[in-house]
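One-letter residues, chain by chain:
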Amino acid sequence: MNEGIGKLAYWLVLVAVVVSSVNAVVRYGLNTSSNAWLELQWYLFSAVFLLCAGYTFLRNEHIRIDIVLGRFSKRVQAWVDIFGIIVFMFPMTILIMVLSWPMFMDSFVTNEMSSDAGGLIRWPVKLLVPVGFFLLTAQGVSELIKRIGFLTGHRDEPGEKMHSHS
């Protein structure tokens, strides 16, 4: 799931670049602007950032402490990952999902609009928060299963895919 969403996000980046470029040309070339286009830029940035957290975890591209952890065996690295996922990641992602859902629902039910003239509706961007953290949590479950599988001998050594940064 996160692989497909990550590849879709490549296109969102392209759309964001095009929107930003067109907005700049219109603003400076034609001396006009639109709040909707400015908001669309940050909606797209938000979508890429929030929806790709799980994809980034899948690809092992998050910032890590590999300079220290890389000195240990793959088994120790797997145990550290398991600890980090269970103790730090899951509580944080679940808390953000739980706390952001009512904010999205309130925005959706009231059809909240931007306070800026000509702005966009707000609920779609607010939906990105619980969805993005759900995707990150789901990837965390997947990574947890992979680490446990490695430790129990049901999966090959994680190799460079687990900790590719030094």
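All values reported here derive from a predicted model rather than from experimental measurement.

*Asks:* So what exactly am I meant to see when it comes to a nonpolar patch on the surface here?
*Replies:* Where nonpolar side chains cluster on the molecular surface, the patch consists of L8, Y10, W11, L14, V18 and V22 and spans about 640 Å² of accessible area. Along the polypeptide, V18 turns up in helix α1 (residues 2–29).

*Asks:* Teacher, can you tell me more about the pattern of salt bridges here?
*Replies:* Pairs may arise between side chains of opposite charge once their charged atoms sit close together. A full pass over the atoms with the stated rule returns six salt bridges. A salt bridge links K126 to E112; the nearest nitrogen and oxygen atoms lie 2.7 Å apart. Of the two residues, K126 is situated in helix α6 (residues 123–151) and E112 in the loop between α5 (74–109) and α6; the sequence distance between them amounts to 14 residues. On the basis of relative accessible area, E112 is assigned to the partly exposed category, the value being 26%. Residues joined in a network through salt bridges with shared partners are D81, E143, K146 and R147.

*Asks:* Can you help me understand the confidence of the model for the protein chain in this one?
*Replies:* Interpretation of the predicted coordinates at a detailed level should be avoided for regions scoring low in pLDDT. Within the protein chain, residue pLDDT values average 88, and 94% of them lie at 70 or more. Per-residue pLDDT stays below 50 along residues 162–166; that stretch engages in 18 contacts with residues further than four places along the chain or on separate chains.

*Asks:* I would appreciate a short explanation of the packing of α1 against helix α2 (residues 35–51) in the present structure.
*Replies:* The angle between the axes and the distance between the axes are what describe a pair of packed helices. Running from N to C, α1 and α2 cross one another at 160 degrees; their axes reach a closest spacing of 9 Å. Overall, the two elements α1 and α2 adopt an arrangement that is roughly antiparallel. Taken as a pair, α1 and α2 cross one another with a handedness that is left-handed. On α2, the residues touching I5, A9, L12, V13, V15, A16, V19, S20, N23 and R27 of α1 are W37, L38, L40, Q41, L44, A47, V48 and L51. Split into classes, the residues belonging to the contact of α1 with α2 amount to 14 nonpolar, three polar and one charged.

*Asks:* Just to check I follow, could you spell out unusual backbone geometry for this structure?
*Replies:* In terms of backbone geometry, most residues other than glycine have negative phi values and most peptide bonds are trans. Positioned with a positive phi, N31 is a non-glycine residue whose angle comes to about 55 degrees. Structurally, the position occupied by N31 is in the loop between α1 and α2. Given a relative accessible area of 71%, N31 falls into the exposed group. In this model, N111 sits at a positive phi of 50 degrees, which is unusual for a non-glycine residue. Structurally, N111 can be placed in the loop between α5 and α6. Judged by relative accessible area, which is 43%, N111 ranks as partly exposed.

*Asks:* Where do I start with α1 in this structure?
*Replies:* The periodicity of an α-helix, 3.6 residues per turn, causes residues three or four positions apart to be oriented the same way. Taking 1.5 Å of rise per residue, 28 residues should cover 40 Å, and α1 covers 39 Å from first to last C-alpha, within 8% of that figure. Buried within α1 are the following residues: N2, G6, A9, L12, A16, V19 and N23. Taken from the residues just after α1, N31 is the one with a positive phi, measuring 55 degrees.

*Asks:* For this particular structure, what's the right way to read the nonpolar core?
*Replies:* Most often, soluble globular proteins have nonpolar side chains that are buried together. In terms of nonpolar packing, the biggest core is built from 25 residues, with L128 and L136 touching the most fellow members. Secondary structure elements with two or more residues in this core: α1, α2, α3 (53–58), α5 and α6. With eight residues, the top contributor of residues to this core is α6. When residues no more than four places from it in sequence are discounted, the contact partners of L128 are Y43, S46, A47, L50 and L51.

*Asks:* What should I look at first to understand the packing of aromatic side chains in this one?
*Replies:* Here the distance between the centres and the angle between the planes together describe a pair of aromatic rings. Taken as a whole, this structure holds eight aromatic pairs when the rule is applied. Ring geometry for W101 and F104: centres 5.0 Å apart, planes at 55 degrees, overall tilted. Of this pair, W101 and F104 both sit in helix α5, three residues apart, which is roughly one turn of the helix. Ring pairs connect the aromatic residues W101, F104, F108 and W123, which therefore count as one cluster.

Parameters at a glance
- Residues numbered from 1 in each chain as written.
- Predicted model: local features only at pLDDT ≥ 70, side-chain atom pairs only at ≥ 80, totals over all residues.
- Heavy atoms only, no water.
- Patch = residues over 30% accessible without salt bridge, like charges linked within 9 Å, V, L, I, M, F, W, Y side chains within 5 Å.
- Areas by Shrake-Rupley, 256 points an atom, 1.4 Å probe, with all protein chains shown as cover.
- Salt bridge = Lys/Arg side-chain N within 4 Å of Asp/Glu carboxyl O.
- Helix = DSSP H or I, 4+ residues; strand = E, 2+ residues; numbered from the N terminus.
- Buried < 20%, exposed > 50% of the residue type's maximum accessible area, 1.4 Å probe, protein only.
- pLDDT = per-residue confidence, 0-100.
- Contact = heavy atoms within 4.5 Å.
- Axes fitted to C-alpha atoms, helices over the stretch in contact; angles between N-to-C directions.
- Parallel < 35°, antiparallel > 145°, perpendicular 65-115°, else oblique.
- Left-handed = near helix turned anticlockwise from the far one by under 90°.
- Nonpolar A, V, L, I, M, F, W, Y, C, P; charged D, E, K, R; others polar.
- Expected span 1.5 Å × (residues − 1).
- Core = buried A, V, L, I, M, F, W, Y, C linked by side-chain atoms within 4.5 Å.
- Phe/Tyr/Trp six-rings, centres within 6.5 Å; stacked < 30°, edge-to-face > 60°.

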